[in-house]
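An overview of the molecular structure
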Amino acid sequence: AQSVSQHNHHVILSEAASLELGCNYSYGGTVNLFWYVQYPGQHLQLLLKYFSGDPLVKGIKGFEAEFIKSKFSFNLRKPSVQWSDTAEYFCAVNSNFNKFYFGSGTKLNVKP
Amino acid sequence: DAGITQSPRYKITETGRQVTLMCHQTWSHSYMFWYRQDLGHGLRLIYYSAAADITDKGEVPDGYVVSRSKTENFPLTLESATRSQTSVYFCASSEFGQGGTEAFFGQGTRLTVV
């Protein structure tokens, strides 16, 4: 079975700081990769996704992620975080069987 | 409205009771999923369905039953609820094709087993 690892469980940043959240997956075949965000009390919403092509993917709200196939990684970045980015972030992967597997999540707390 | 809806949003039940969580989507997506979200575990796949009458186990299926007689509905039943099944349950749907699509999530059902 596939697995997804998120290295940072809880990150605290000040506004305007840069963000990088790590995500590694274990699956040797073709995968689709996603980052979701969950604001407090809400459901998961898609931030960005990678299927093929340019390994640098841009998403909503200034987020981007880079797929590095050799490292099985799909790290999420944002140059300057805002207080409104406080949320939990989930990395996910799916494959040919279209099962989505999620990491354990990273809680981001941005201090104003 | 179009989308994916779960009901109820909140449920408290007693140990040993049977409880069913409902999920309905209006997109006619082929795939539907049930996840549970627990602190420190993220989202874990309970069951998924590739089409009506086709279901398969996920990572944590024990104690749960699903059915999918219609494309738009995917109910999840806890046959005999236990305290360890206290969790937030999310239903999701997705279509699958060239380039793939993301999973769309419902608002969740917060279930407490006492």
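Worth saying up front: this structure is predicted, and the values here are computed from it rather than measured. (Residues numbered from 1 in each chain as written. Chains lettered and ligands numbered in written order. Predicted model: local features only at pLDDT ≥ 70, side-chain atom pairs only at ≥ 80, totals over all residues. Heavy atoms only, no water.)

Now for the side chain of Arg68(B). Residues and elements named next belong to chain B. The topology assignment puts Arg68 in the loop between strand E7 (64-66) and strand E8 (76-78). Within the buried core, Arg68 has no salt-bridge partner, and the shortest N-O distance to an opposite charge, that of Glu72, equals 7.3 Å. Within polar-contact distance, the side chain of Arg68 engages the backbone oxygen of His29 at 3.1 Å. A distance of 2.8 Å separates a polar atom in the side chain of Arg68 from a polar atom in the side chain of Ser49. (Helix = DSSP H or I, 4+ residues; strand = E, 2+ residues; numbered from the N terminus. Buried < 20%, exposed > 50% of the residue type's maximum accessible area, 1.4 Å probe, protein only. Lys, Arg positive; Asp, Glu negative; His and termini not counted. Salt bridge = Lys/Arg side-chain N within 4 Å of Asp/Glu carboxyl O. Polar contact = N/O pair within 3.5 Å; in protein donor to acceptor, adjacent residues only side chain to side chain.)

Here the idea is plain: a probe the size of a water molecule rolls over the atoms and shows the empty space left. Roughly 520 Å³ of internal volume is contained in the largest pocket. Along the wall of the largest pocket there are 27 residues; nearest its centre are Gln38(A), Gly41(A), Glu88(A), Gln37(B) and Arg110(B). Of all the elements in the fold, those that place two or more residues in the lining of the largest pocket are strand E10 (87-94) and strand E12 (106-111) of chain A together with strand E4 (31-38), strand E9 (87-94) and strand E11 (109-113) of chain B. Its residues placed into classes, the lining of the largest pocket shows nine nonpolar, 13 polar and five charged. (1 Å grid on protein atoms, 1.4 Å probe; cavity = no way out; pocket = protein on both sides within 12 Å on 5 of 7 lines; lining within 4 Å. Points joined across faces, edges and corners; volume = space filled by probe spheres on them. Nonpolar A, V, L, I, M, F, W, Y, C, P; charged D, E, K, R; others polar.)

All names here are of chain B. Scanning the model with the defined rule gives two disulfides over all chains in all. Disulfide pairing is shown between Cys23 and Cys91; the S-S distance is 1.8 Å. Since a negative S-S torsion denotes a left-handed disulfide, the Cys23-Cys91 link at about -75° is left-handed. Of this pair, Cys23 sits in strand E3 (residues 19-25) while Cys91 sits in strand E9, and the two are 68 residues apart along the sequence. Residue class for Cys23 comes out buried when judged on its relative accessible area of 2%. (Disulfide = S-S within 2.5 Å.)

All right, on to the sheet that holds E3(B) then. Hydrogen bonding along the main chain pairs the strands of a sheet, whether they run parallel or antiparallel. Residues and elements named next belong to chain B. Sheet architecture is open: four strands sit in the order E1-E3-E8-E7, paired in antiparallel fashion. Only two strands of the sheet have a single partner each, and these edge strands are strand E1 (4-7) and E7. The mean angle between the axes of side-by-side strands here comes to 20°, regardless of whether they run parallel or antiparallel. The pairing of E3 with E8 spans three bridges and is classified as antiparallel. Among the inter-strand pairings, Leu21 is bridged to a residue of E8, identified as Leu76. (Pairing = 2+ DSSP bridges. Axes fitted to C-alpha atoms, helices over the stretch in contact; angles between N-to-C directions.)

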